[in-house]
Amino acid sequence: MVEKSGQDGNLPAHLVCAIDRLSPRARERLLGQARAFTGRHPHARVVSFVDEFDGVEMDADRQIENWRSALGAEAYNRAWRLSYDQANEFVARLSGELQSLLQPYYHSIADRSHQFLQLDALLADPSRPTMVIFPARSTKPFSGMPAKIWRVSSLSERARVAWRRVQFVARAATSRLRRRLQTSNPATLAPDAGTAAEATETGAREKDHILIAVQEGVAAINSPSAFAVVDQLRTLGRAAVILTPNRTIQALAASKGIAVLCPVELSPTLLRPRWMAFAWTCFAQLRALASADAVPRQTVRIAHSLQGDLPLWLLLHATASAMLEHYHQNVAPIGAGLLINEGTPISGLALSWLKQKGIPDCGYWPALLGDRPDCDYFPASSHLVYGDQLRDHMLALGFDPDTVSSVGSVNYDGSLGRNRPQDVALVKAGIVPEWDGQSLLVVVATEALQRPEEELRPVLETLASIDNATIVLKLHPADSADYFRNLLARLGLADRVRLVERCDLDALLHAADLLICVLSNIIVNAALLGTPTLVCDFSNKRAPLDFVSHGLALGCFSADQLPQIIPSMLDENGLRKQALELLPRGMKGFNKPSDGRSALRIARLLHALADRGRKGSF
């Protein structure tokens, strides 16, 4: 492990560990350093910006805290909004090649700014020693901070990364040479290559193809829409090609016989003179921005921190552009583009290429957006949204009403038309085997929010006092199972509450008598299945999207009211009746028109868009 101090002297007892690619041994040594730090400072805390360290025990009373919750929701949200102001200022200073490269990473730039703002706040109190574990490849972004800065990395891991880069360049150069030889000598081509290309072109040239850009995170909420739309396009006689950086989506598309481009694959594109010149210019522009005198400090440190990301982003940019160009010229022309979650990097890369070619594009949002700083970025030319709640939000931001259309959500359509007895049997058989299928079943859902115990503790303790209620704690995919197991153990509820990480969520919600959560997409799924929701929020976490004010759920905003409200939500003659009456009206905002035909509507719009684009009328 290499440790390099960036600052020394009589500074407050703060320590920032800038870590990069730790081996298991280096990781244990870093944890040992953290325990020693808390041992030297009785009131110290250790905060991690790297998820793998969240919740690690320091001693009997202290754990490593996650940066999102260390300062509380109010400070987190205040810094979050400011981070987008700083991202806007940073992007406004970009031009030329660097602007085209970094624009798709707008949210990544804001996230980096948000982390630095949180870091500033953590180090602002000199009376409370704080050790911070921060992912960084350099100590430069931390210059001027009131702390000792350590650069922590593993020599073996750095050597391994360097060797991978050498292998990449060698393989890419070899691939380039091999392709040139194959082009000059047709006899060296693979036997089936020409046949496959010919077969593709025979059926593809009749109609322009539709490009669908999709990128997936831990919640897997974008790819179902992509595949459903492809299926509907096929019924219209229109083929599609998927652009994705995710190997799982690539494999699934290939298994379904869908053309797929995955720009993370090895490509010699970046070694071509045009792209090498592009890369050199981008590095030079970013270095100049990081060293400029008249630039705000926050802009300089963002520029420093992004230098480590630039090689991967350059590779994705060059490879995606080359893949799209080759497909467009040699397989089938692309007539329109659908950007599923138009704010993702892969959507940004696709949008850049589509605009360069003058090909019409539209964005599509299959899952909820609310009043948050990351929910105001809509770079596509036109927009398809799940319902009127998002349409109203976009119109309030100043978008032209003619460019925003409510089409419904493919994700929510999947909750329609299910058979409840079958879902009850499925839950009994595997998801909650201790449930008898007759007694009350209550699902409490997490949503990767700060300080979840504020709501979960009183909710779970109240439910535990209801003798005939089976309780399920359903985790959001981004939440740590170990954290919530420890929470249940601390509350003495490990045997009373069934913790579920992944399952057939629609079946669970359909079988349940009540859903309790703060803020979640699954409130909409539950409503479509006829299950009422009680929003329990004791710290204003629901502010980004308040389902109570939108008329889709009832609310409880004080823990003292839980013993009265929860039993009433389970009583057919109590609040449950009122909650069920809300569902038909409240659904219009979140899945309009909620008829199960969202994918078909999107496919028809894309089909028409491609036809208009070919005629030059867009």
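Residues numbered from 1 in each chain as written. Predicted model: local features only at pLDDT ≥ 70, side-chain atom pairs only at ≥ 80, totals over all residues. Heavy atoms only, no water.

**Student:** Quick rundown of the overall build of the protein chain? Include the residues and the values.
**Tutor:** Helices and strands together make up the secondary structure of the protein chain, namely 22 helices and 19 strands. The buried share of the protein chain, reckoned over its 618 residues, is 51%. Considering only contacts within the protein chain whose residues lie at least 6 apart along the sequence, 68% involve residues at least 24 apart. Surface summary for the protein chain: the accessible area is close to 27,500 Å², and the carbon and sulfur share equals 51%. (Helix = DSSP H or I, 4+ residues; strand = E, 2+ residues; numbered from the N terminus. Buried < 20%, exposed > 50% of the residue type's maximum accessible area, 1.4 Å probe, protein only. Contact = heavy atoms within 4.5 Å. Areas by Shrake-Rupley, 256 points an atom, 1.4 Å probe, with all protein chains shown as cover.)

**Student:** If you had to explain the side chain of Q86 to someone new, which residues and values would you point to?
**Tutor:** As for its placement among the helices and strands, Q86 is situated in helix α2 (residues 73-92). Setting aside anything within four residues of it in sequence, one finds Q86 in contact with S113, L117 and Q298.

**Student:** Please give an account of empty space enclosed by the protein that cites residues and values.
**Tutor:** Using the criterion set out here, one finds 1 cavity of 30 Å³ or more in the structure. Approximately 150 Å³ is the volume attributed to the largest cavity. Around the largest cavity, the lining is made up of 16 residues, and of these A445, T446, E455, L456 and V518 lie nearest the centre. Contributions of two or more residues to the lining of the largest cavity are made by β14 (440-445), α16 (453-464) and β17 (514-517). (1 Å grid on protein atoms, 1.4 Å probe; cavity = no way out; pocket = protein on both sides within 12 Å on 5 of 7 lines; lining within 4 Å. Points joined across faces, edges and corners; volume = space filled by probe spheres on them.)

**Student:** Summarise the pattern of salt bridges; cite the residues concerned and give the values.
**Tutor:** One pass over the full model with this rule turns up 25 salt bridges. E325 serves as the salt-bridge partner of K357, at 2.9 Å between the closest nitrogen and oxygen. Of this pair, K357 sits in helix α12 (residues 345-357) while E325 sits in helix α11 (residues 310-331), placing them 32 residues apart in sequence. For K357, a relative accessible area of 33% puts it in the partly exposed group. A salt bridge links R576 to E572, with the nearest nitrogen and oxygen atoms 3.2 Å apart. Put simply, R27, E28 and E52 are held in one network by salt bridges that share partners. (Salt bridge = Lys/Arg side-chain N within 4 Å of Asp/Glu carboxyl O.)

**Student:** Run through the environment of F547, naming residues and quoting values.
**Tutor:** Summarising the element assignment, F547 is placed in the loop between β18 (533-536) and β19 (554-556). Judged by relative accessible area, which is 1%, F547 ranks as buried. For F547 and V535, which are 12 residues apart along the polypeptide, the C-alpha to C-alpha distance reads 7.7 Å. Discounting residues that sit within four places of it in the chain, F547 has contacts with L368, L519, S520, I523, V524, V535, L552, A553 and F590.

**Student:** Explain the packing of aromatic side chains to me, and be specific about the residues and the numbers.
**Tutor:** Summed over all chains, the structure comprises 13 aromatic pairs. Consider the rings of F49 and W67, whose centres lie 5.1 Å apart with planes at 15°: the pair is stacked. Remark: W67 occurs in the loop between β4 (65-66) and α2 and F49 occurs in the loop between β3 (45-48) and β4; sequence separation between them is 18 residues. Taking relative accessible area as the criterion, F49 reaches 5% and is therefore assigned buried. Taken together through their ring pairs, the aromatic side chains of F49, W67, Y76, W80, F116 and F134 make up a single cluster. (Phe/Tyr/Trp six-rings, centres within 6.5 Å; stacked < 30°, edge-to-face > 60°.)

**Student:** Could you give me a rundown of the pairing of strand β8 (residues 240-243), with the residues and numbers involved?
**Tutor:** Covered by surrounding structure in β8 are A240 and I242 together with V241 and L243, the residues of both alternating faces. Bridge analysis of strand β7 (residues 209-213) against β8 gives 4 bridges, and the strand direction is parallel. Counted as the bridge partner of I210 is A240 from β8. One ladder, built from 3 bridges, connects β8 with strand β9 (residues 259-261); its direction is parallel. Within the sheet, the bridge partner assigned to I242 lies in β9 and is V260. With respect to chirality, the unit in which β8 leads through helix α8 (residues 247-255) into the neighbouring parallel β9 is right-handed. (Pairing = 2+ DSSP bridges. Right-handed = clockwise from strand over helix to strand, strands pointing away.)

**Student:** Just give me the short version of helix α13 (residues 388-396), but keep the residues and values in it.
**Tutor:** Those residues of α13 not exposed but buried are Q389, L390, H393 and M394. The arc enclosing the buried residues of α13, seen along the axis, measures out at 130°, which places them on a common side. Packed against the buried residues of α13 are β12 (383-385) and β13 (404-406). Just downstream of α13 lies G398, where phi reads positive at about 105°. (Arc of directions from axis to C-beta.)

**Student:** Can you break down the packing of α16 against helix α20 (residues 562-569) residue by residue, with the values?
**Tutor:** Interaxial distance between α16 and α20 falls to 10 Å at its minimum, and their mutual angle equals 60°. Classified by the interaxial angle, the pair formed by α16 and α20 is oblique. For α16 against α20, the interelement crossing comes out right-handed. Of the residues in α20, those touching α16 at P458, V459, T462 and L463 are L562, P563 and I566. Of the residues contributing to the contact of α16 with α20, the split by class is 6 nonpolar, 1 polar and no charged. (Axes fitted to C-alpha atoms, helices over the stretch in contact; angles between N-to-C directions. Parallel < 35°, antiparallel > 145°, perpendicular 65-115°, else oblique. Left-handed = near helix turned anticlockwise from the far one by under 90°. Nonpolar A, V, L, I, M, F, W, Y, C, P; charged D, E, K, R; others polar.)

**Student:** Describe the sheet that holds β17, listing the residues and the values that go with them.
**Tutor:** An order of β16-β15-β14-β17-β18-β19 is seen for the 6 strands of this open sheet, with the pairing classed as parallel. Of all strands in the sheet, those with a lone pairing partner are β16 (497-500) and β19, marking the two edges. Along the sheet, successive strands turn relative to each other by an average axial angle of 25°, direction set aside. Examined bridge by bridge, β17 and β18 share 3 bridges and lie parallel to one another. From the neighbouring strand, I516 faces β18, where its bridge partner is L534. Along the sheet, α20 makes contact with β17, β18 and β19, crossing β18 at roughly 165°.

**Student:** Could you give me a rundown of the environment of L529, with the residues and numbers involved?
**Tutor:** Considering the arrangement of structural elements, one finds L529 in the loop between α19 (522-528) and β18. What makes L529 buried here is its relative accessible area of 9%. Taking the C-alpha atoms as reference points, L529 and A507, separated by 22 residues in sequence, lie 9.2 Å from one another. Setting aside its immediate chain neighbours within four residues, L529 contacts S415, R418, D506, L509 and H510.

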